[in-house]
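Residue-level listing of the chains:
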Amino acid sequence: MAYDDNNVFAKILRGDIPAKKVYEDDFALAFHDIGAKAPVHVLVIPKGKYVSIADFGATASEKEIAGFYRAVSKVANDLGLVKEGFRSIANTGINGGQEVPHFHVHLLGGKKIGPMVSD
Ligand code: 5GP
């Protein structure tokens with residue numbers, strides 16, 4: 001699947017639309033999900049143009065991959081999610097229910113998150 005430059009997270013990265021940012025570095029941007037499903041619901045996205053976790057792992061450089069996952073860990077730690085626990089989700093494609101075609105990791109916490117999968 002080709003990357004769509006008009007997806008909403010590309011617009012956030014370009015500053016075309018606002019987001020409540022919690023962290024940013026050379027490799028990643030983290031911001032609050034507009035439709036929070038938990039007391040803490042943050043999205044972490046790579047700065048590069050990757051459609052999904054599958055695309056990212058297959059085609060990003062080792063520097064980008066390391067930088068991105070370091071950022072995911074930093075955000076989880078900085079938001080205080082690690083002690084009580086949290087859930088990280090990367091939805092992919094139609095069966096995964098992915099709405100925005102720019103790779104992102106959801107971090108959900110601040111309460112006990114429900115069943116891992118529900119119908
Ligand atoms: P997906 O279903 O692709 O894994 O998750 C996309 C997420 O992006 C959803 O949880 C949705 O609430 C969030 N989202 C969609 N549009 C926006 C937006 O414009 N700003 C922010 N902050 N989040 C968005």
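The structure this text deals with has already been given above.
Below or above, wherever it landed, is the structure these notes cover. Just so we're clear, the structure is a prediction, and the values are computed from it rather than from any experiment.

Topic: the pairing of strand S3 (residues 40-46)
Within S3, 7 of the 7 residues are buried, leaving the element largely enclosed by the surrounding structure. Covered by surrounding structure in S3 are Val 40, Val 42, Val 44 and Pro 46 together with His 41, Leu 43 and Ile 45, the residues of both alternating faces. Inspection of the sheet shows strand S2 (residues 28-32) paired to S3 by 5 bridges, in the antiparallel sense. Bridging across to S3, Ala 28 finds its partner in Pro 46. Direction of pairing for S3 relative to strand S5 (residues 105-109): antiparallel, over a ladder of 5 bridges.

Let's talk about the site of the ligand
Taken together, 16 residues form the shell around the ligand, and within it Asp 33, Asn 91, Glu 99, His 104 and His 106 come nearest. In the environment of the ligand, an oxygen atom lies 2.5 Å from a nitrogen or oxygen atom belonging to the side chain of Asp 33. For the ligand, a nitrogen atom lies 3.2 Å from a polar atom in the backbone of Ile 34. Here the ligand has 520 Å² of accessible area as a free molecule, and 85% of this is covered by the chains. Residue assignment for the shell around the ligand shows that the elements contributing at least two residues are helix H1 (8-14) and S2. Counting residues per element, the shell around the ligand draws most heavily on H1, which supplies 3 residues. Residue composition of the shell around the ligand, grouped by class: 7 nonpolar, 7 polar and 2 charged.

Notes on the packing of aromatic side chains
Considering all chains together, one arrives at 7 aromatic pairs under this definition. With a centroid separation of 5.1 Å and an interplanar angle of 35 degrees, the aromatic rings of Phe 56 and Phe 103 are classed as tilted. Taken together, the residues span a long stretch of sequence, with Phe 56 in helix H2 (residues 53-59) and Phe 103 in the loop between helix H4 (93-96) and S5 at a distance of 47 residues. Note on accessibility: Phe 56 and Phe 103 belong to one class, buried. Cluster of aromatic residues (ring-pair linked, three or more members): Tyr 50, Phe 56, Phe 68, Tyr 69 and Phe 103.

What counts, and where the lines are drawn
Residues numbered from 1 in each chain as written. Predicted model: local features only at pLDDT ≥ 70, side-chain atom pairs only at ≥ 80, totals over all residues. Heavy atoms only, no water. Buried < 20%, exposed > 50% of the residue type's maximum accessible area, 1.4 Å probe, protein only. Helix = DSSP H or I, 4+ residues; strand = E, 2+ residues; numbered from the N terminus. Pairing = 2+ DSSP bridges. Near = heavy atom within 4 Å. Polar contact = N/O pair within 3.5 Å; in protein donor to acceptor, adjacent residues only side chain to side chain. Areas by Shrake-Rupley, 256 points an atom, 1.4 Å probe, with all protein chains shown as cover. Nonpolar A, V, L, I, M, F, W, Y, C, P; charged D, E, K, R; others polar. Phe/Tyr/Trp six-rings, centres within 6.5 Å; stacked < 30°, edge-to-face > 60°.

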